[in-house]
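Inside the fold
What follows is each chain in one-letter form.
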Amino acid sequence: MKIIKQFPLLILISIFLISCRTSTIKEYPKNNLEKNIDENANTEKKRMEIKFSCGEDGISKYLNDGWNILKEDSQEKICTWKSVPATKDCNMEKDKGCKITKPDKIGEEKIYLLEK
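Residues numbered from 1 in each chain as written. Predicted model: local features only at pLDDT ≥ 70, side-chain atom pairs only at ≥ 80, totals over all residues. Heavy atoms only, no water.

**Considerations on the state of the cysteines**
- Under the criterion given, the structure shown has 2 disulfides.
- Across a sulfur-sulfur distance of 1.9 Å, cysteine 54 and cysteine 79 are joined as a disulfide pair. On the sign convention where negative means left-handed, the S-S torsion of about -105° between cysteine 54 and cysteine 79 marks this disulfide as left-handed. Separated by 25 residues along the polypeptide, cysteine 54 in the loop between strand E1 (47-53) and helix H3 (59-64) and cysteine 79 in strand E2 (residues 68-85) bring together distant segments of the chain.
- Accessibility expressed as a relative area gives 27% for cysteine 79, which makes it partly exposed.
- Between the sulfur atoms of cysteine 90 and its disulfide partner cysteine 98 the distance amounts to 1.5 Å. Looking down the S-S bond of the cysteine 90 and cysteine 98 bridge, the torsion is 65°, so its handedness is right-handed. (Disulfide = S-S within 2.5 Å. Helix = DSSP H or I, 4+ residues; strand = E, 2+ residues; numbered from the N terminus. Buried < 20%, exposed > 50% of the residue type's maximum accessible area, 1.4 Å probe, protein only.)

**Topic: the sheet that holds E1**
- Ordered by their spatial adjacency, 3 strands build an open sheet running E1-E3-E2, and the pairing between neighbours is antiparallel. Of all strands in the sheet, those bounded by a partner on one side alone are E1 and E2. Ignoring strand direction, the axes of neighbouring strands in this sheet form an average angle of 20°.
- Judged from the 7 bridges that link them, E1 and strand E3 (residues 99-115) form a sheet pairing that is antiparallel. Pairing of glutamate 49 across the sheet is with leucine 113, part of E3. (Pairing = 2+ DSSP bridges. Axes fitted to C-alpha atoms, helices over the stretch in contact; angles between N-to-C directions.)

**Focus: the packing of aromatic side chains**
- Here the structure, examined in full by the defined rule, presents 1 aromatic pair.
- Taken together, a centroid distance of 6.1 Å and an interplanar angle of 65° make the contact between phenylalanine 52 and tyrosine 112 edge-to-face. Of the two residues, phenylalanine 52 is situated in strand E1 and tyrosine 112 in strand E3; the sequence distance between them amounts to 60 residues. Here phenylalanine 52 and tyrosine 112 have matching classes, each one buried. (Phe/Tyr/Trp six-rings, centres within 6.5 Å; stacked < 30°, edge-to-face > 60°.)

As far as function goes, none of this settles anything; it's purely spatial.
Right under this line is the structure:
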């Protein structure tokens, strides 16, 4: 009766030992995989989107580093804001509720899509 109770335990231990042994025997060619990864990394192109606002222009730095412009877009953007009184009688120092914020200078925002 003791042997019958220990039989499932023996089977479980033997399965465990066999499975561990087969997983350590398998060897994969690591050198070929590393070469393929390096080749694929070199062929991938990097893309980046940058924005310059209100007269800033730093695109020449990126062009000198080897980036190419894929797409260029521009849109109107508010550069600075100013506070003005809502009415002639308004004192902006004492009454914050009568202060209105308006655009002061309107510039252009340039958006570049770059690829290297």
